[in-house]
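Topology and contacts: notes
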Amino acid sequence: MNPCRDVYVIASARTPFCRSYTGYQDLSNLDLLSVALNGLVAKTGLAGDTVGEVTAGAVVVHSADWNLAREAVLNTPLSPSTPASTLQMACGTSLQGALMLAAKIATGEIDSGIAGGSDTISDAPLTTSRKLAKRLVGLSKAKTFGAKLGAFKGLSLGELAPIAPSTGEPRTGLSMGQHCERMAKHWAIERTDQDALAAQSHINAAAAYQRGFFDDLLVPCNGVLRDNNLRPDTTAEGLAKLRPAFDRKNGTLTAGNSTALTDGAGAVLLGTREWAEARGLPLLAKLTLGQTAANDFAGGDGLLMAPTQAVAKLLERANLSLQDFDFYEIHEAFAAQVLCTLKAWEDGDGVPVLGAIDRSRLNVVGSSLAMGHPFAATGARVLGTAAKLIADQGTGRALISVCTAGGMGVAAIVEAVA
């Protein structure tokens, strides 16, 4: 058996992220993912080329999205011989997709791959009640007018009400925000610290935009040129005026220190050195290792705390400490979630003690609180951002951590190209 090959991040592209029901309200998951993939193909000159595999997905999906990745590929000038698979792992979808493709590249199955994700709350599917669905099936099978009328015998107005997708966890019935409120209380995370972290995310993102960091990462979409959730004038003092969103009486999570519902898509190109050099493409960073983990959140572990386990396992495999990184890209589902993670690493209490980090290295160009969080697209955004940070610096390594619904977490390490 041949030794595992190195895997590199070659390029990334994403749409600007938009608050739901704003810039992309008429676009679907397929529309958004197609824009991101087309942007990546144009950027890398891959029109007509065959990529080893495309793995992409969405979290909030219609039944028509079952073949999302393949249909998106067919909307690009990539060769139709490029295979694609659709994946869903909540907020970790596109990062998990990248790790799956990296494993195939490392073992020689493929030489290149594109991981991506798309989500739009603006096009969230509405379903009918089970009773109404059965009536409609009966209606379609009815042969006579009387039988058709009979399908609606006893119909109540309540059956006609559409059912919107729920963000509640099936195991607990609680929303992610409600779970994070529990985490904040458990770890004694102060409201002032949450607002400060949220404000810093906006400040860092605005500064990165100002110096052109995002210029080659963004693909214009539907007339939108930049993330419209970003507020450069955000301050901790202004955020302090907002009311709690999930626990009105005793809560600390607000609309300002929690991510907004967001639409958007992103994609990342991975490959071997040889594959990239044959096409004249640069290597941004090496994707060294990845790790997934899960916890017993229904039993009290904390819905968004599994990344603490994933990172601990990852560092053990890499023989690194938490302090051995130049950048920390920790997905900001909520400011409280990031602060709970950092405090858990410092204090333990059911998770491995890893120590403190230099917070000046945390989300240095902003993260989800500023830019938004289209669930399945966030991993691609974070991985692309980390790779660019390393490429721009020319040395060092970055740690990536993404929490997901269902009590799971995905972590990865990217390093400078040797």
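Residues numbered from 1 in each chain as written. Predicted model: local features only at pLDDT ≥ 70, side-chain atom pairs only at ≥ 80, totals over all residues. Heavy atoms only, no water.

**Section: unusual backbone geometry**
This is how the line gets drawn: To qualify as a helix, a DSSP run of H or I must reach at least 4 residues; to qualify as a strand, a run of E must reach at least 2; elements of each kind are numbered from the N terminus.
Residue Y21 is not a glycine yet carries a positive backbone phi of 70°. By secondary structure assignment, the location of Y21 is in the loop between β2 (18-19) and α1 (29-44). With a phi angle near 55°, N222 is a residue other than glycine that sits in the positive phi range. With respect to the helices and strands, N222 occurs in the loop between α7 (191-210) and α8 (236-239).

**Brief notes about the packing of helix α10 (residues 306-318) against helix α11 (residues 335-347)**
How we decide: The axes are straight lines fitted to the C-alpha atoms, using for helices just the contacting stretch, and the angles between their N-to-C directions are given from 0 to 180°. Roughly parallel here means an angle under 35 degrees, roughly antiparallel means over 145, roughly perpendicular means 65 to 115, and every remaining angle is called oblique. Crossing handedness is read from the near helix: turned anticlockwise from the far helix by less than a right angle, it gives a left-handed crossing, and turned clockwise, a right-handed one. Contacts were defined at the residue level, with two residues in contact if any of their heavy atoms lie within 4.5 Å. Under this grouping Gly is polar, as are all residues other than the nonpolar Ala, Val, Leu, Ile, Met, Phe, Trp, Tyr, Cys and Pro and the charged Asp, Glu, Lys and Arg.
Where α10 contacts α11, the two axes come as close as 9 Å, and the packing angle between them is 50°. It follows that α10 is oblique to α11 by the angle criterion. α11 is crossed by α10, and the crossing has right-handed handedness. Here P307, T308 and V311 of α10 come into contact with α11, specifically with T341, A344 and W345. Classifying every residue of the contact of α10 with α11 gives 4 nonpolar, 2 polar and no charged.

**What about the environment of K388?**
Mapped onto the elements, K388 comes out in helix α13 (residues 378-393). On a C-alpha basis, the gap between K388 and R182 in space is 35 Å, while along the polypeptide they are 206 residues apart. Once you skip the residues sitting within four places of it in the chain, K388 turns out to touch F213, D216 and L217.

**Regarding the packing of helix α3 (residues 93-106) against α13**
Contact geometry of α3 with α13 gives a least axis separation of 5 Å together with a crossing angle of 65°. Mapping the contact onto sequence places S94, L95 and A98 in α3 and T378, G379, A380 and L383 in α13. Classifying every residue of the contact of α3 with α13 by side-chain character gives 4 nonpolar, 3 polar and no charged.

**Remarks on the pattern of salt bridges**
Note the following rule: Each reported salt bridge corresponds to a side-chain nitrogen of Lys or Arg within 4 Å of a carboxyl oxygen of Asp or Glu. Whether a residue is buried, partly exposed or exposed follows from its accessible area with a 1.4 Å probe, protein chains only, as a fraction of its type maximum: under 20%, in between, or over 50%, in that order.
For the structure shown, the criterion picks out 14 salt bridges. One salt bridge connects K104 with E109, and the closest N-O pair in it is separated by 3.9 Å. On the basis of relative accessibility, which here comes to 25%, the residue K104 falls in the partly exposed class. Beyond isolated ion pairs, a larger network of salt bridges with shared partners links E53, K104 and E109.

**Quick notes on the pairing of strand β6 (residues 262-271)**
In plain terms, the rule: Two strands make a pair as long as DSSP finds a minimum of two bridges between them.
Counting buried residues along β6, 10 of its 10 residues qualify, which places the element largely inside the surrounding structure. Residues of β6 alternate between two faces, with T262, G264, G266, V268 and L270 on one and D263, A265, A267, L269 and G271 on the opposite face, all of them buried. Of the strand pairs in this sheet, strand β1 (residues 8-14) and β6 are connected by 6 bridges, and their pairing is antiparallel. Across the sheet, the residue bridging to R14 is G266, located in β6. As judged from the 2 bridges shared by β2 and β6, these two strands associate in the antiparallel manner. In the sheet register, C18 faces β6, and the bridge partner there is D263. Here 8 bridges tie strand β5 (residues 112-119) to β6, and the two strands are oriented antiparallel to one another. What sits directly across from G117, in β6, is G266.

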